[in-house]
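Structural characterization, general
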Amino acid sequence: MNTTTKALPDSIEATLELLAQANYLADRSLATVLYLALKMGKPIFLEGEAGVGKTEIGKVLASTLGRRLIRLQCYEGLDVAAAVYEWNYAAQMIAIRIAEAEGEGDKSRLTSDVFSERYLTKRPLLQALEPDPAGAPVLLIDELDRSDEAFEAFLLEVLADFQITIPELGTIKAAQPPIVVITSNRTREIHDALKRRCLYHWVGYPNAARELEIVRTKVPGIGNKLSVQVVGFVQALRKQDLFKSPGVAETLDWAQALAELDAVALDPATVSDTLGVLLKYQDDIARLEGGKVKELLDQVQAELRAAE
């Protein structure tokens, strides 16, 4: 992360430039929503298929703005103890035993001591409300759709006022609200009440031109011919009836793998041998067995020749 805090971008063009500093090649619609979210102090809700770069947006904002990144990875069963805070019960018990051994008789004072911040373990949501000399942190709430609806309801209250009430300590409110980025792979619908508190953007697969630019930026060692064929083949794959189409992350992994194999162009054997880098489900790989890989590859090469 940068050590110098930067001012928030003052235009859509400046937002595009900010993302480009970290080699994140965004389209204008995404840059517009990010600019407005930063300008209005609103959380941004990013939805889309896995591997299209939603999580990376939170990381890039923290890096380019010089802010602390606080990431909350959601999962089924996520609760307040893991997301917000919990008391260090072991340390509290030790403190109580020591006080009893020393003859401390003031129970109210003892209670006040053991329920002080000294014994409080702060989790991501509470950390995000703390003041930071570098400016408000970036709070990345990743894959919210994996959490339970009960946690989603709790998060709704936090985002409403950017404050958390701890019964033993009182209410902790952010002096400066964090920059909140929420992502979802849409494995379940997120409630409208939460979405209404955010600016929304669907992060889709990039078109061929932008994906090619991403590949050449992120995998500088790849040859021009191979990069064009890689992107063309991935774009063709996304039109097939697959259980999980490859995202940009898989495109980059495949391009890197092919570069490591010193490939200069795609051929059916190389594609078949490396499909496990690109596709993550055996059923999808099985659909491409036989002559399907060659058929797709011939189609891609014909389209590329026609475009020359």
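Glancing now at the overall build of the protein chain. Helices and strands together make up the secondary structure of the protein chain, namely 16 helices and 9 strands. Taking 19 Å as the expected radius of gyration for a compact globule of 308 residues, we find that the protein chain reaches 24 Å, considerably beyond that expectation. C-alpha atoms of the protein chain, sized along the principal axes, occupy 85 × 45 × 35 Å. Taking all 308 residues of the protein chain together, 45% fall into the buried category.

Okay, the side chain of Glu250 next. Mapped onto the fold, Glu250 is located in helix H12 (residues 248–260). There is a polar contact of 2.7 Å between the side chain of Glu250 and the backbone nitrogen of Gly247.

The next point concerns the environment of Tyr281. By secondary structure assignment, the location of Tyr281 is in the loop between helix H14 (275–278) and helix H15 (282–287). For Tyr281, a relative accessible area of 38% gives the class partly exposed. Sequence separation between Tyr281 and Lys244 is 37 residues; the distance between their C-alpha atoms is 7.4 Å. In this structure, Tyr281 is in contact with Phe243 and Lys244, ignoring residues within four places of it in sequence.

Right, let's talk about the pattern of salt bridges for a bit. A complete count under the given rule lists 15 salt bridges for this structure. Note that Arg123 and Glu86 form a salt bridge whose closest N and O atoms lie 2.2 Å from each other. You can see Arg123 sitting in the loop between strand S4 (120–122) and helix H7 (124–127) and its partner Glu86 sitting in strand S3 (residues 85–87), a full 37 residues away along the chain. Taking relative accessible area as the criterion, Glu86 reaches 27% and is therefore assigned partly exposed. In this structure, Lys122 engages Glu117 in a salt bridge whose closest nitrogen and oxygen atoms are separated by 2.9 Å. Three or more residues joined by partner-sharing salt bridges are found here, namely Glu47, Arg186, Glu189 and Lys195.

Our next topic: the packing of helix H1 (residues 12–21) against helix H3 (residues 54–65). The interhelical angle for the contact between H1 and H3, taken along N-to-C directions, is 95°, at an axis separation of 9 Å. The orientation of H1 with respect to H3, classified from their angle, is roughly perpendicular. Contacts from Leu18, Leu19 and Gln21 in H1 reach Val60, Leu61, Thr64 and Leu65 in H3. Split into classes, the residues belonging to the contact of H1 with H3 amount to 5 nonpolar, 2 polar and no charged.

Conventions adopted
- Residues numbered from 1 in each chain as written.
- Predicted model: local features only at pLDDT ≥ 70, side-chain atom pairs only at ≥ 80, totals over all residues.
- Heavy atoms only, no water.
- Helix = DSSP H or I, 4+ residues; strand = E, 2+ residues; numbered from the N terminus.
- Rg over C-alpha atoms; globule rule 2.2 N^0.38 Å.
- Buried < 20%, exposed > 50% of the residue type's maximum accessible area, 1.4 Å probe, protein only.
- Polar contact = N/O pair within 3.5 Å; in protein donor to acceptor, adjacent residues only side chain to side chain.
- Contact = heavy atoms within 4.5 Å.
- Salt bridge = Lys/Arg side-chain N within 4 Å of Asp/Glu carboxyl O.
- Axes fitted to C-alpha atoms, helices over the stretch in contact; angles between N-to-C directions.
- Parallel < 35°, antiparallel > 145°, perpendicular 65-115°, else oblique.
- Nonpolar A, V, L, I, M, F, W, Y, C, P; charged D, E, K, R; others polar.

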